[in-house]
Amino acid sequence: WENLKEEYWSNVQKIYDKIKAHYESQKEAQLENLQKKKELIEQLKVEVTKQFEKHQDWDVATKAIIAIQEQWKKVGFVPKEENDSIWSEFRALSNDFFDRKSEFYKGRNDVFAKNAELKQGLINKLDVLKDSTEWRATAESIKKIQNEWKKIGHAGRSSEQKLWKAFRSKCDAFFEARAKHFEELDASNEGNLKLKEELIAKIEAFKPLDDAKATLTQLKDFSKEFLAIGNVPFKEKD
């Protein structure tokens, strides 16, 4: 009996020693995990306290914070008495960042909407002007509108390209019509060019008459004839 009892309690003690070693090992691992999570919180604090002024800033920070969150998930358990407080701190920092990010994009979207409204207003103005045949005055007006467009900020990814295509097409419609008009005008003025060149040749061949008054009259007639012929192609005008 004594031998059996001694062997029994010896085995029981071995089991208790294994259990104790297991929990001590677990506690040590949990303390290591606690330290890892504290380090991740410090990394998170660095990211969330940066200055974010534009989309790129928020985008870079978001990727960094998501990477930290992924690391957090891979860290094991921490001591039970520390779990709630450390998780609350980590979650609060994350939530604060994403709440501020949401507010930033809400404000940004409001700006985009305002810019889109302003740009649509310019497109509406072009819609009235694009069919005008007051070529010089209308060209000046359109150029002013184009300068206004440049001063307006971005209208957002979903609207900007659509608005730009509409704006560009109306500008192009006017300037293409103007170019076509002057091309046609130049073609119709080719005859006038020929007549004026013939007149110039006649003037070059002219020799002053003996009568100065008659000579002056003839020169005046040349001028009247020149003006009466009408326009020549623009590129030949000078």
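Each value, and the rule that gives it
Residues numbered from 1 in each chain as written. Predicted model: local features only at pLDDT ≥ 70, side-chain atom pairs only at ≥ 80, totals over all residues. Heavy atoms only, no water. Helix = DSSP H or I, 4+ residues; strand = E, 2+ residues; numbered from the N terminus. Buried < 20%, exposed > 50% of the residue type's maximum accessible area, 1.4 Å probe, protein only. Contact = heavy atoms within 4.5 Å. Core = buried A, V, L, I, M, F, W, Y, C linked by side-chain atoms within 4.5 Å. Patch = residues over 30% accessible without salt bridge, like charges linked within 9 Å, V, L, I, M, F, W, Y side chains within 5 Å. Areas by Shrake-Rupley, 256 points an atom, 1.4 Å probe, with all protein chains shown as cover. Salt bridge = Lys/Arg side-chain N within 4 Å of Asp/Glu carboxyl O. Lys, Arg positive; Asp, Glu negative; His and termini not counted. Charge placed at Lys NZ, Arg CZ, Asp CG, Glu CD. Expected span 1.5 Å × (residues − 1). Arc of directions from axis to C-beta.

## Describing the side chain of Glu-47
- Within the secondary structure layout, Glu-47 lies in helix 1 (residues 2-48).
- Overall, Glu-47 belongs to the buried group, its relative accessible area being 14%.
- Once you skip the residues sitting within four places of it in the chain, Glu-47 turns out to touch Phe-52, Ala-61, Ala-64, Ile-65 and Ile-68.

## What to know about the environment of Gly-230
- As for its placement among the helices and strands, Gly-230 is situated in the segment after helix 7 (212-229).
- In this structure, the C-alpha to C-alpha distance between Gly-230 and Thr-133, residues 97 residues apart in sequence, is 20 Å.
- Beyond its immediate chain neighbours, meaning those up to four positions away, Gly-230 contacts Asn-192 and Lys-196.

## Section: the nonpolar core
- Counting residues in hydrophobic clusters, the biggest one holds 18 residues, and the most contacted among them are Ile-41, Leu-44, Val-48, Trp-72, Ile-86, Phe-90 and Phe-97.
- Sorting the residues of this core by element identifies helix 1, helix 2 (55-74) and helix 3 (80-129) as the ones contributing at least two each.
- Of all hydrophobic cores here, the second largest spans 15 residues; its members include Ile-123, Ala-139, Ile-145 and Phe-167.

## Focus: a negative patch on the surface
- Taken together, Glu-190, Glu-197, Glu-198 and Glu-236 make up a surface patch of like negative charges.
- With respect to the helices and strands, the residue Glu-197 is situated in helix 6 (residues 190-205).
- The class for Glu-197 is partly exposed, based on a relative accessible area of 45%.

## Regarding helix 6
- Helix length check: helix 6, at 16 residues, gives a terminal C-alpha distance of 23 Å against a target of 22 Å (1.5 Å per residue), a fit within 8%.
- Within the span of helix 6, buried status applies to Asn-192, Leu-193, Lys-196 and Leu-199. Buried residues of helix 6, seen end-on, are gathered within an arc of 125 degrees and therefore sit on one face of the element. The exposed residues of helix 6 that point more than 90 degrees off its buried face are Lys-194, Glu-204 and Ala-205.

## Overview of helix 5 (residues 157-188)
- With 32 residues, helix 5 extends 47 Å between its outermost C-alpha atoms, agreeing within 8% with the 46 Å of an ideal straight helix rising 1.5 Å per residue.
- Every buried residue belonging to helix 5 is among Glu-160, Leu-163, Phe-167, Lys-170, Cys-171 and Phe-174, and all of these are buried.
- Contact partners of the buried residues in helix 5: helix 3 and helix 4 (135-151).

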